[in-house]
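Observations on the model geometry
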Amino acid sequence: MKYISIIALLAFSCASIANNSLPNNRHIAVTGTAQLEAKPDLAVVQFEVQSLKAKSIDAKKDVDNRVNDFLAGLSRFAINEDNVSASSLSTQPLYTYDDNDKQQLEGYSANRRLKVTLGDLTKLNDLMDFALSVRIDEIESVTLKSSDEDAIKDEVNALAVKNAKDKGTSLANAFGAKLGHIYSINSNSNNSYYRYGANSDIERIEVTGSRMKSKEPGRYLQENIVFTSTINVVFDLVIN
């Protein structure tokens with residue numbers, strides 16, 4: 001039984017080596033990382049409008065009228081139709097139950113969601129105030145973004161690649177070798193997150209439904225967005 005166990009262990013070890021993605025020759029595996037920061041200059045705001053009426057058509061008309069009032073006023077914020085999504089609509093009956101657990105129809109609800117991209121953050125507070133003034137029921141979320149996001153991601157990826165090359169070259173030289181051809185590149189990971197705290201005048205905003213919490217009401221700026229990239233690569237090693 002012991003001999004069988006040893007044979008099985010050897011077979012497993014050989015299979016593991018065969019499935020290993022690393023080359024059989026001399027090599028070095030490194031991880032390149034990089035990060036860049038950007039100031040947000042766009043705000044994506046999501047709104048919700050609801051109505052409850054005795055008839056479904058009346059609930060829909062009420063919601064449509066309020067959405068139309070909202071859309072009609074967006075020009076003052078330099079927001080055009082390309083930066084607005086307001087096509088979704090849902091209607092459904094609303095039931096309640098009496099003390100005898102009997103179902104009763106209370107009416108029909110209509111619901112529309114809107115998404116607006118604002119290019120001037122100084123107008124963010126005014127936009128939300130305007131939305132509530134024309135009876136938009138809820139401010140669901142506020143997401144601040146950078147208009148240069150795609151370019152920044154490309155740049156941070158290039159920096160992560162350079163970091164991997166620099167690390168590999170430095171380590172190879174330290175052991176009297178040279179960095180050879182690249183053997184493999186694993187898929188890189190990109191992330192972005194908000195960084196707060198370096199500037200006390202910049203706050204974090206949290207929006208949940210129509211209730212907003214912030215240290216200083218009326219200020220909705222985030223200090224910066226941090227873009228990160230990580231890439232795993234394997235290089236051949238050339239021995240002098």
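For clarity, every value in this text was computed on a predicted model and none was experimentally measured.

Right, let's talk about the overall build of the protein for a bit. Scanning the protein from N- to C-terminus turns up 4 helices and 11 strands. Here the protein, with 240 residues, has 30% of them falling under the buried criterion. For the protein, the exposed area adds up to about 15,200 Å²; of that, 49% sits on carbon and sulfur atoms.

On to helix H3 (residues 124-133). The periodicity of an α-helix, 3.6 residues per turn, causes residues three or four positions apart to be oriented the same way. If you check which residues of H3 are buried, you get Leu124, Leu127, Met128, Phe130 and Ala131. Projection of H3 onto a plane perpendicular to its axis shows the buried side chains occupying an angular sector of 160 degrees, all on one side. Directly after H3, the chain includes Arg135, whose backbone phi takes a positive value near 65 degrees.

Among soluble globular proteins, nonpolar side chains are generally buried collectively. Counting residues in hydrophobic clusters, the biggest one holds 27 residues, and the most contacted among them are Val45, Phe47, Phe70, Leu124 and Leu127. Those elements that provide at least two residues to this core are strand E2 (42-53), helix H2 (56-72), strand E5 (103-118), H3 and strand E6 (138-145). By residue number, the principal contributor to this core is H3, which donates 5 residues. What Val45 contacts, discounting residues up to four positions off in sequence, is Leu114, Lys115, Val116, Leu124, Leu127, Ile139, Ser141 and Val142.

The next point concerns the side chain of Ser229. With respect to the helices and strands, the residue Ser229 is situated in strand E11 (residues 224-239). A relative accessible area of 1% means that Ser229 is categorised as buried. Side chain to side chain, Ser229 and Asn157 meet in a polar contact 2.7 Å long. Beyond its immediate stretch of four places on either side in the chain, Ser229 contacts Gly32, Thr33, Ala34, Val156, Asn157, Ala160, Asn188, Ser189 and Asn190.

Here we come to the confidence of the model for the protein. Averaged over every residue, the pLDDT of the protein is 83; residues scoring 70 or more account for 79%. Highest mean pLDDT in the protein belongs to H2 (96); lowest belongs to helix H1 (residues 2-19) (39). In this model residues 1-19 is a low-confidence stretch, pLDDT under 50, and it forms 0 contacts with partners more than four residues away in sequence or in other chains. With pLDDT under 50 throughout, residues 197-215 is counted as low confidence; its partners more than four residues away or in other chains account for 38 contacts.

Moving on, we come to the pairing of E2. Strand residues, when the strand is regular, have side chains that alternate between the two faces of the sheet. Bridge count for E2 against E6 is 7 bridges, and the pairing is antiparallel. Across the sheet, residue Gln46 finds its bridge partner in E6, namely Ser141. Relative to E5, E2 runs antiparallel, the two being bridged by 11 bridges. When the bridges of E5 are listed, Gln46 appears paired with Lys115.

For Ala78, which is not glycine, the phi torsion reads 60 degrees and is therefore positive. Exposure remark for Ala78: the relative accessible area of 63% places this residue in the exposed category. In this model, Arg135 sits at a positive phi of 65 degrees, which is unusual for a non-glycine residue. By the secondary structure assignment, Arg135 is in the loop between H3 and E6.

On to the environment of Leu36. Looking at the element boundaries, Leu36 is found in strand E1 (residues 27-38). Not counting the four nearest positions on each side in its chain, Leu36 is found in contact with Ile152, Glu155, Val156, Leu159, Ile225, Val226 and Phe227.

With that settled, the discussion passes to the packing of aromatic side chains. This structure, assessed with the given rule, holds 3 aromatic pairs. Summarising the aromatic geometry, the rings of Phe77 and Phe130 are spaced 5.8 Å apart at their centres and angled 45 degrees between planes, so their arrangement reads as tilted. One end of the pair, Phe77, is in the loop between H2 and strand E3 (84-85); the other, Phe130, is in helix H3, with 53 residues separating them in the sequence. Like Phe77, the residue Phe130 is buried in the burial classification. Grouped by ring-pair contacts, the aromatic residues Phe47, Phe70, Phe77 and Phe130 constitute a single cluster.

Two side chains carrying opposite charge are able to pair once their charged atoms lie near each other. This structure, assessed with the given rule, holds 9 salt bridges. Between Arg113 and Glu140 there is a salt bridge, and its shortest N-O distance comes to 3.1 Å. Highlighted residues: Arg113 in strand E5 and Glu140 in strand E6, separated in sequence by 27 residues. Taking the relative accessible area as the measure of exposure, Arg113 reaches 41% and is therefore partly exposed. Glu140 sits in the partly exposed class, given a relative accessible area of 21%. Measuring nitrogen to oxygen at the nearest pair gives 3.1 Å for the salt bridge that ties Lys153 to Glu149. Of this pair, Lys153 and Glu149 both sit in helix H4 (residues 149-174), 4 residues apart, which is roughly one turn of the helix. For Lys153, a relative accessible area of 31% gives the class partly exposed.

What counts, and at which threshold
Residues numbered from 1 in each chain as written. Predicted model: local features only at pLDDT ≥ 70, side-chain atom pairs only at ≥ 80, totals over all residues. Heavy atoms only, no water. Helix = DSSP H or I, 4+ residues; strand = E, 2+ residues; numbered from the N terminus. Buried < 20%, exposed > 50% of the residue type's maximum accessible area, 1.4 Å probe, protein only. Areas by Shrake-Rupley, 256 points an atom, 1.4 Å probe, with all protein chains shown as cover. Arc of directions from axis to C-beta. Core = buried A, V, L, I, M, F, W, Y, C linked by side-chain atoms within 4.5 Å. Contact = heavy atoms within 4.5 Å. Polar contact = N/O pair within 3.5 Å; in protein donor to acceptor, adjacent residues only side chain to side chain. pLDDT = per-residue confidence, 0-100. Pairing = 2+ DSSP bridges. Phe/Tyr/Trp six-rings, centres within 6.5 Å; stacked < 30°, edge-to-face > 60°. Salt bridge = Lys/Arg side-chain N within 4 Å of Asp/Glu carboxyl O.

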